[in-house]
Amino acid sequence: MADDSNQSTPLEKPPAAPDQAAAADPFGGLTIDFGGGANGAGEAPAPAANGSSPIDFGAPIAFGPPANAPPADAPLSTPMRPKTGGPVGGPDDGAERDEHRTKVLIIGSGPSGLTAAIYAARANLEPIVLAGAVPGGQLMITSDVENYPGFPDGILGPELMGKFREQAERFGTRIVDVDADRVDFSQRPFRVWARGTEYRADSVIVATGASALWLGLESETRLRGRGVSACATCDGFFFKGKEIAVVGGGDTALEEATYLTRFATKVHLLHRRESFRASKIMVDRAIANPKIEIHTNTAVDEVLGGAKVEGLRIRDMVSDTTREVPMEGLFIAIGYRPNTEIFKEQLEVDDKGYLVVHDETGSKIDGVFIAGDVHDHRYRQAVTAAADGCKAAIDAERWLESEGISEAATATAW
Ligand SMILES: Cc1cc2nc3c(=O)[nH]c(=O)nc-3n(C[C@H](O)[C@H](O)[C@H](O)COP(=O)(O)OP(=O)(O)OC[C@H]3O[C@@H](n4cnc5c(N)ncnc54)[C@H](O)[C@@H]3O)c2cc1C
């Protein structure tokens, strides 16, 4: 917990003159060192003219979408939807497939769901994906993804998810952009309802992910990917040499604040209460870290800035007064909500509401498999979710084969 001196210490950095700062730093000061900019990410801008920035300017990150990228809020295009739903380039007898019946029904279309679809489709299992009302998952609300293998220059989150989807559809996955609103796993075939339609499936892969919790401020939404983030592991690198804030009071907030000191010059930990929910060891570690400044009884009322985060309006919860402080980034670490509501009666959930897996991807019901962030609150990365989707599809395929539902001959050499 913070001592009084921490609470009364102002968030020190003097504000740069806004017009000067904006002119000198047109890319929002969000920079990344690509090792000399040889990747074509662009020319490095000149250092700030007013000399107030401690930032080592590398190549800038372009936060605007590239010419061919879909807008972040646009539904993903469906470039290749085969008429029969049969595998493209595979054995397709041309018969209409029952569009509500499948060997593998996948619920969720983030990295785990769509990877499961790619694998299941390539095994000729003709999967159906109920993609959710907001298809694509968490990466749809982020800008640059720089740690997904295969994209050395990084890729925008929505663009990456568009590629996942295109690849799944190429092999015959049928994708329906609806939320599943009810499931019945008590008998086979399993039954899943979405917007009044009943789907029946021999196996189900649950890949509904988790939703990051946000403060709910309009300015926070507007500046997501422009200095506001909910994932330190994913975005910490962008805040090299910057002064940033982390909001939250649990273990995750303390852990993220500590992690972010690898990049930031200073991390302000803002917590609206007097005491932390986090474990004592995490709090002690943060207090001992000279780069972390703890501000208890402090809430964020507004994120300030036009094209990027420039400051915060914070509220002292004791005196109920506000003030504005300069800040170059804001990490929201107030938790995640796993999307497990419709499964709670049928599958096991842990004390945090995440699904419980057995033997890698299994659930307590044979034939129902689980993949990605819906069970994983440890790694929470696109690549681990994708790996999980792969495992779930292979496990589903082998289970179907063991049940005599899919023929051994259809099993793909993955
Ligand atoms: C701001 C932010 C930035 C991130 N940046 C990175 C990064 O740079 N690199 C990285 O590796 N990871 C990053 N992550 C983490 C990464 O996005 C997740 O780990 C990953 O998306 C998890 O994939 P998933 O498929 O398990 O779940 P999700 O991506 O959460 O997808 C779940 C899907 O299920 C759907 N769904 C939910 N309920 C239902 C329902 N009832 N019926 C049908 N569908 C449903 C949702 O609409 C969604 O499409 C970031 C996360 C956030 C929040």
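This write-up is about the structure you can find in this document. (Residues numbered from 1 in each chain as written. Predicted model: local features only at pLDDT ≥ 70, side-chain atom pairs only at ≥ 80, totals over all residues.)

**Concerning the site of the ligand**
The criterion, for reference: All residues are tested the same way: a C-beta atom is placed from the backbone, and lying within 6 Å of a molecule or strand makes the residue near it. Strands are runs of DSSP state E lasting at least two residues, helices are runs of H or I lasting at least four, and both sets are numbered from the N terminus onward. Residues are grouped as follows: nonpolar covers Ala, Val, Leu, Ile, Met, Phe, Trp, Tyr, Cys and Pro; charged covers Asp, Glu, Lys and Arg; every other residue, Gly included, is treated as polar. As annotated, the domain borders come from an automatic or database domain assignment.
Around the ligand lies a shell of 42 residues, among which Gly110, Gly132, Gly137, Gly209 and Gly372 are the nearest. Going through the elements one at a time, helix H3 (111-122), strand E11 (210-212) and helix H9 (382-402) are the ones with two or more residues in the shell around the ligand. Partitioned by chemical class, the residues of the shell around the ligand number 22 nonpolar, 17 polar and three charged. Three or more residues apiece are contributed to the shell around the ligand by two domains, here domain 1 (4-12 + 214-332) and domain 2 (101-211 + 337-410).

**Focus on the sheet that holds strand E16 (residues 298-304)**
We apply this condition: Two strands are counted as paired when DSSP detects at least two bridges linking them. Axis lines are fitted through C-alpha atoms, for helices just across the contact stretch, and the angle between N-to-C directions can take any value from 0 to 180 degrees.
A sheet is described by the order of its strands in space; here three strands give the open sequence E16-E17-E18, paired in antiparallel fashion. Across the chains shown, the open sheet's two edge strands, defined by having one partner strand only, are E16 and strand E18 (321-326). Strand-to-strand twist across the sheet, computed as the mean angle between neighbouring axes with direction ignored, equals 25°. Of the pairings in the sheet, the one linking E16 to strand E17 (residues 311-316) comprises six bridges and is antiparallel in character. When the bridges of E17 are listed, Leu304 appears paired with Gly311.

**Comments concerning the sheet that holds strand E19 (residues 329-332)**
Which entries qualify depends on this criterion: Residues are treated as contacting if the C-beta atoms built from their backbones sit within 7 Å of each other.
If you trace the five strands from one edge of the open sheet to the other, you get E12-E19-E13-E14-E15, paired in parallel fashion. Edge positions in the sheet fall to strand E12 (228-229) and strand E15 (292-295), since each has one partner strand and no second. Across five bridges, strand E13 (residues 243-247) lies against strand E14 (residues 266-270) in parallel orientation. Opposite Ala245, over in E14, you have His268 as the bridge partner. Against the sheet, helix H7 (residues 251-260) makes contact with E13, E14, E15 and E19, and its axis sits at roughly 165° relative to E13, the strand it touches most.

**Some details on the packing of H7 against helix H8 (residues 280-288)**
Test applied: By the definition adopted for this analysis, an angle is roughly parallel if under 35 degrees, roughly antiparallel if over 145, roughly perpendicular if from 65 to 115, and oblique otherwise. By definition, turning the near helix anticlockwise from the far helix through less than a right angle yields a left-handed crossing, and turning it clockwise yields a right-handed one.
Remark: H7 packs on H8, axes separated minimally by 9 Å, with the N-to-C direction vectors making an angle of 30°. On the basis of their axis angle, the class for H7 and H8 is roughly parallel. Note on packing geometry: the crossing formed by H7 with H8 is left-handed. Judged by residue contacts, Asp251, Leu254, Glu255, Ala257 and Thr258 of H7 engage Met282, Val283, Arg285 and Ala286 from H8.

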